[in-house]
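# A structural walkthrough
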Amino acid sequence: MRSWIESANDADCHFPVQNLPFGVISHSGGPPRCAVAIGDRALDLAVLEDAGLINAGAGERVFGQSVLNHFMELGKNAWEQVRLQLSDLLADGGNDVLKDDSDLRARALIPLGQVQSHLPFRVAEYTDFYAGRQHAFNVGSMFRDPENALPPNWLHIPIGYNGRASTVVVSGTEIHRPLGQMKPHGTDEPVFGACRRLDLELEMGAVVGLPNQMGEPVTVREADDMIFGYVLLNDWSARDIQAWEYQPLGPFQAKAFGTSISPWVVTKAALEPFRTSTPEREKVLHPYLREPGPMLYDIELEILMQPEAAGRATSISRTNYKNMYYSAPQQLAHHAVGGCRMNTGDLLGSGTISGPEKAQYGSLLELTWGGKEPLTLDTGETRSFIEDGDTLTLTGWAQGSGHRIGFGECSGKILPAPAEKNW
Ligand code: MN
């Protein structure tokens with residue numbers, strides 16, 4: 001399938017007509033509204049809705065809103081209906097109404113370089129999981145020992161913690177290095193100050209579109225139906241703060257200062273051809289966690305690092321989402337089975353995605369093995385952890401034949417820690 005928007009047909013374009021990811025943009029001083037990305041353009045859905053060209057079937061307009069939540073709440077039939085309407089308007093040989101109306105095109109199709117992206121949905125709550133086996137093994141090997149790297153529950157439960165929705169931000173938002181308590185090796189007492197071991201975590205985020213009821217379990221298949229789509233997610237992490245605070249209740253301040261997501265939510269419909277199965281189980285899972293079919297996706301992922309003065313970024317890791325041990329529907333089913341209500345706009349972080357090879361690790365903690373083996377960037381600079389002024393970018397796509405279902409970028413620059421107060 002090709003589009004009459006020529007840039008959408010480039011083989012390495014992230015947003016071909018097969019993708020149609022949803023986001024929220026503003027442009028020309030106007031208010032935020034819902035959009036899809038197509039080629040090098042954002043397509044303003046509020047303009048199309050006002051023109052009567054798309055209709056989510058709600059009886060009211062949903063795309064002039066500043067978040068996707070209202071559209072997501074309408075459910076699977078509405079998601080599919082709008083996708084079909086958009087596909088028809090944008091594909092070669094479809095409905096020519098938009099293609100042939102230059103005034104409408106000028107109002108609805110805005111160059112991506114001229115739009116501001118906003119957080120695409122109101123994040124209800126944010127849960128972060130720990131579903132990457134290689135990551136859990138690496139971290140367990142560093143902090144405990146390789147013989148007992150995986151905690152005893154790991155092969156039975158998708159482990160997670162309840163994170164902060166308040167500091168989930170859209171790509172491009174700058175993040176301050178956090179202040180906190182740390183206990184460096186060889187010291188008897190903790191110190192207070194700016195984090196010294198600042199890290200990123202390469203993850204995918206699953207966006208919950210439909211709720212369950214409190215106290216009402218869902219099957220893995222039902223959980224899959226509740227998911228609207230996926231984004232790239234960087235779970236920024238303060239390793240030294242984390243190491244001192246994490247026992248016994250898990251990460252707290254070390255993960256609360258910022259979580260970045262990519263601006264475009266790629267729908268399950270676009271990812272459907274790339275479904276793949278989770279790896280063979282080492283321990284038989286309880287029935288409520290068993291998958292009725294492939295629930296992961298084959299998505300190639302990359303991390304880029306660019307120091308402040310560097311002219312270009314260095315690729316520091318290449319991996320794939322299909323390396324995960326648990327899928328997002330399994331995580332969602334596990335959340336709900338205990339009685340937890342999941343809401344429209346809930347965000348589930350996959351856990352750090354590390355492949356089996358060193359060049360495939362999804363965090364600096366692993367790539368530099370706790371800071372002991374610094375990376376050398378293309379500029380000749382070395383990095384054990386993130387320095388002030390560094391920009392970290394995640395990117396990813398599912399590779400089709402002749403096209404890519406892309407996620408765009410999830411980027412963030414680290415600013416110095418805030419000035420300390422006169423405590
Ligand atoms: Mn994480």
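Residues numbered from 1 in each chain as written. Predicted model: local features only at pLDDT ≥ 70, side-chain atom pairs only at ≥ 80, totals over all residues. Heavy atoms only, no water.

## What to know about the sheet that holds strand S25 (residues 391-399)
The strands that make up a sheet are held in pairs by hydrogen bonds between backbone atoms, and each pair lies either parallel or antiparallel. Threshold: For two strands to be treated as a pair, DSSP must find at least two bridges joining them. Segments assigned H or I by DSSP are reported as helices when at least four residues long, segments assigned E as strands when at least two residues long, and all are numbered from the N terminus.
Pairing in this open sheet of five strands is mixed, and the strands run S9-S26-S25-S20-S21 from one edge to the other. Edge positions in the sheet fall to strand S9 (175-176) and strand S21 (314-320), since each of these pairs with one other strand and no more. For S25 and strand S26 (residues 404-415), the ladder comprises eight bridges, and the chain directions are antiparallel. Paired with Trp 397 across the strands is Gly 406, a residue of S26.

## Let's talk about the coordination of the manganese ion
Note the following rule: A donor here means any N, O or S atom no more than 2.8 Å from the metal (3.2 Å for Na, K and Ca); water is not included, so a site may seem to lack partners. Per-residue accessibility, obtained with a 1.4 Å probe over protein chains only, is compared with the maximum for each type, and a residue is labelled buried under 20%, exposed over 50%, and partly exposed between these values.
Taken together, Asp 128 (OD), Glu 201 (OE), Glu 203 (OE) and Asp 235 (OD) make up the full set of protein donors to the manganese ion, lying 2.1 to 2.2 Å away. Site description for the manganese ion: donor spacing in sequence, D-x72-E-x1-E-x31-D. Linking Asp 128 in strand S6 (residues 126-129) with Glu 201 in the loop between strand S12 (198-199) and strand S13 (202-208), this pair joins segments that are 73 residues apart in sequence. With a relative accessible area of 4%, Glu 201 lands in the buried category.

## Here we look at the domain arrangement of the protein
Using the following cut-off: Domain delimitation in this document rests on an assignment produced automatically or drawn from a domain database. Between two residues, a contact is recorded if the distance between any of their heavy atoms is within 4.5 Å. Buried area: the sum, over both parts, of the accessible surface (1.4 Å probe) that disappears when the two are put together.
Taken domain by domain, the protein comprises domain 1 (6-118) and domain 2 (126-415). The distance between the C-alpha centroids of domain 1 and domain 2 comes to 29 Å. If you look at the interface, domain 1 gives 29 residues, while domain 2 gives 28 residues. Taking both partners together, domain 1 and domain 2 bury about 2,100 Å²; carbon and sulfur atoms supply 68% of that area.

## Some remarks on the sheet that holds strand S3 (residues 41-44)
The condition that has to hold: Lines fitted to C-alpha atoms define the axes here, with helix axes fitted over just the stretch in contact, and angles between the N-to-C directions of these axes take values from 0 to 180 degrees.
Overall, antiparallel pairing links the five strands, which are arranged S4-S3-S2-S1-S5 in an open sheet. Strand pairing shows two members of the sheet lacking a second neighbour, strand S4 (109-111) and strand S5 (116-118), which therefore form its edges. Adjacent strand axes in the sheet meet at a mean angle of 45° when their direction is disregarded. The sheet contact formed by strand S1 (residues 22-26) and S5 spans three bridges and is antiparallel.

## Details of the layout of surface pockets
Using the following cut-off: Every definition here rests on a 1 Å grid over the protein atoms only: cavities are sets of points where a 1.4 Å probe fits but cannot get out, pockets are open sets enclosed by protein on both sides within 12 Å along at least five of seven lines, and lining residues have some atom within 4 Å of a point. Grid points are joined across faces, edges and corners, and a volume is the space filled by probe spheres set on the points. Classification used: nonpolar for Ala, Val, Leu, Ile, Met, Phe, Trp, Tyr, Cys and Pro, charged for Asp, Glu, Lys and Arg, polar for all others including Gly.
In this structure, the largest pocket encloses a volume near 650 Å³. Looking at the largest pocket, it is lined by 26 residues, and the ones nearest its centre are Tyr 130, Gln 242, Tyr 246, Gly 250 and Pro 251. Elements supplying a minimum of two residues to the lining of the largest pocket: S6, helix H5 (133-143), strand S7 (160-162) and helix H7 (239-245). Residue contributions to the lining of the largest pocket peak at four residues, all from H5. Looking at the lining of the largest pocket residue by residue, the classes come out as 13 nonpolar, eight polar and five charged. Its boundaries defined by the atoms lining it, the second largest pocket holds a volume of some 510 Å³.

## Some thoughts on the packing of aromatic side chains
Selection criterion: Two rings from Phe, Tyr or Trp (for Trp, the six-membered ring) form a pair when their centres are within 6.5 Å of each other. A pair whose planes differ by under 30 degrees is stacked, one over 60 is edge-to-face, and the rest are tilted. Charge over a ring is defined by NZ of Lys or CZ of Arg lying within 6 Å of the ring centre and within 35 degrees of the ring normal.
Counted according to the given criterion, the structure contains 12 aromatic pairs. Ring centres 5.1 Å apart and planes at 80° place the aromatic pair Tyr 325 and Tyr 326 in the edge-to-face group. One aromatic cluster is present, formed by Phe 22, Phe 63, Phe 71, Trp 79 and Phe 228 through successive ring pairs. Directly above the ring of Tyr 326 sits Arg 281, whose terminal nitrogen or CZ lies 5.6 Å from the centroid. For the cation-ring pair, Arg 404 lies above Trp 397, with the distance from its terminal atom to the ring centre recorded as 4.0 Å.

## A look at the environment of Phe 252
For Phe 252, the location among the structural elements is in the loop between H7 and strand S16 (259-261). Each C-alpha atom of the pair Phe 252 and Glu 387 lies 22 Å from the other, and the pair is 135 residues apart in sequence.

## Some words on the pattern of salt bridges
It is possible for side chains of opposite charge to pair when their charged atoms get near one another. Quick note on the threshold: Whenever a carboxyl oxygen of Asp or Glu lies within 4 Å of a side-chain nitrogen of Lys or Arg, that contact is scored as a salt bridge.
Applying the stated criterion to the full structure yields 22 salt bridges. Among the ionic pairs, Asp 199 bridges to Arg 239, the shortest N-O distance being 2.8 Å. With Asp 199 in strand S12 and Arg 239 in helix H7, this residue pair connects regions lying 40 residues apart in the sequence. One exposure class covers both Asp 199 and Arg 239, and it is buried.

## Regarding the side chain of Asp 224
Our working definition: Pairs of N or O atoms are called polar contacts if they sit within 3.5 Å, as long as, within protein, a hydrogen donor faces a hydrogen acceptor (for residues adjacent in sequence, only side-chain-to-side-chain pairs).
Turning to its location among the elements, Asp 224 is positioned in helix H6 (residues 220-226). Take Asp 224: its relative accessible area is 7%, and that puts it in the buried class. Side chain to side chain, Asp 224 and Arg 275 meet in a polar contact 2.8 Å long. Non-local contacts of Asp 224, meaning those with residues more than four positions away in its chain, are made with Lys 268, Arg 275, Met 295, Tyr 297 and Pro 329.

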